[in-house]
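Below are the chains, spelled out letter by letter.
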Amino acid sequence: DTGVSQDPRHKITKRGQNVTFRCDPISEHNRLYWYRQTLGQGPEFLTYFQNEAQLEKSRLLSDRFSAERPKGSFSTLEIQRTEQGDSAMYLCASSPGEGYRDAYEQYFGPGTRLTVT
Amino acid sequence: RKEVEQDPGPFNVPEGATVAFNCTYSNSASQSFFWYRQDCRKEPKLLMSVYSSGNEDGRFTAQLNRASQYISLLIRDSKLSDSATYLCVVNRPGSSASKIIFGSGTRLSIRP
């Protein structure tokens, strides 16, 4: 399967614990995006990378959130000291990036559903 | 006011009907536009990009109206499998980064 993959698919954690999610984008895609989605809402942009550079972070991304893409391939999203309000689906997407006709067409992974108890 | 707005629906139409919905955006600097569909508890899947000249893919037609700042999606001869939430996406490049905004989605339900 050459699509976007995410791991784990589900995570249940207790408030105050740290969690880390992984995303593997489509291999030839330069851009990688993280979103958060809650029930009845569209995905909310969190951050994105062009290769290994993190180019933008949403104000939704508090100091407890950090994302990395160290080698320009897979990415991790870490949430420290989780709160119940962090419960959501965390989606990763990738796109070809600048210079391609379909530069901004994003392909999503299946998501990681986080439940904070 | 949200930067990207959609009628949440639900739109409940019979199989075979034609249905259309719009998505309005407030920032005139917006440059890229897309429609995604999302099935319940699944990830969004790209349906089609929206080009300035409008574009068609089978039963689906997308159009962009820059003057009135909206995009539209038309589905002809609707099928039961078209039941889903349709999300519009607006991409507004900035000087240092781009901003991608999803609408909250329009729910479509096709009945037999």
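The structure under discussion appears in the preceding block.
Basis of the calculations
Residues numbered from 1 in each chain as written. Chains lettered and ligands numbered in written order. Predicted model: local features only at pLDDT ≥ 70, side-chain atom pairs only at ≥ 80, totals over all residues. Heavy atoms only, no water. Core = buried A, V, L, I, M, F, W, Y, C linked by side-chain atoms within 4.5 Å. Buried < 20%, exposed > 50% of the residue type's maximum accessible area, 1.4 Å probe, protein only. Helix = DSSP H or I, 4+ residues; strand = E, 2+ residues; numbered from the N terminus. Contact = heavy atoms within 4.5 Å. Pairing = 2+ DSSP bridges. Buried area = accessible area lost by both parts, 1.4 Å probe. Salt bridge = Lys/Arg side-chain N within 4 Å of Asp/Glu carboxyl O. Polar contact = N/O pair within 3.5 Å; in protein donor to acceptor, adjacent residues only side chain to side chain. Nonpolar A, V, L, I, M, F, W, Y, C, P; charged D, E, K, R; others polar.

**Description of the nonpolar core**
Phase 1 of the analysis: If you look at the biggest cluster of nonpolar residues, it comprises 25 residues, and the most contacted ones within it are B:Phe21, B:Trp35, B:Ile71, B:Leu73, B:Ile75, B:Tyr86 and B:Leu108.
Phase 2 of the analysis: Within the residue set of this core, elements represented by two or more residues are β3 (19-25), β4 (32-38), β5 (45-50), β7 (60-65), β8 (70-75), β9 (84-93) and β11 (106-111) of chain B.
Phase 3 of the analysis: Contact partners of B:Ile71, with chain neighbours within four places excluded, come to B:Phe21, B:Asn22, B:Cys23, B:Phe33, B:Phe34, B:Trp35, B:Val50, B:Gln63, B:Leu64 and B:Cys88.
Phase 4 of the analysis: By size, the runner-up hydrophobic cluster in this structure holds 19 residues, among which are A:Ile26, A:Trp34, A:Leu46 and A:Leu114.

**What to know about the pairing of strand β11 (residues 112-116) of chain A**
Residue and element names in this part refer to chain A.
Phase 1 of the analysis: Across the two faces of β11 the burial differs, with Thr112, Leu114 and Val116 buried and Arg113 and Thr115 not buried at all.
Phase 2 of the analysis: Here strand β2 (residues 10-13) pairs with β11 via four bridges, running parallel. Along β11, the bridge assignment pairs His10 with Arg113.
Phase 3 of the analysis: For strand β9 (residues 88-95) and β11, the ladder comprises three bridges, and the chain directions are antiparallel. Across the sheet, residue Met89 finds its bridge partner in β11, namely Arg113.

**Examining the interface of chain B and chain A**
Phase 1 of the analysis: On the chain A side, the residues contacting the 21 residues of chain B number 22 residues.
Phase 2 of the analysis: Both faces considered, chain B and chain A share a buried interface measuring about 1700 Å² in area, 51% of it formed by carbon and sulfur atoms.
Phase 3 of the analysis: Contact with chain A buries area across many residues of chain B, yet B:Glu43, B:Ile100 and B:Phe102 alone supply 28% of it, more than any other trio.
Phase 4 of the analysis: Along the contact surface separating chain B from chain A lie zero salt bridges.
Phase 5 of the analysis: Applying the counting criterion to the chain B and chain A interface returns four residue pairs in polar contact (both at pLDDT 80 or more).
Phase 6 of the analysis: Only β4, β5, β9 and β10 (98-102) of chain B provide two or more residues apiece to the side of chain B that touches chain A.
Phase 7 of the analysis: A per-class count over the side of chain B that touches chain A returns nine nonpolar, eight polar and four charged.

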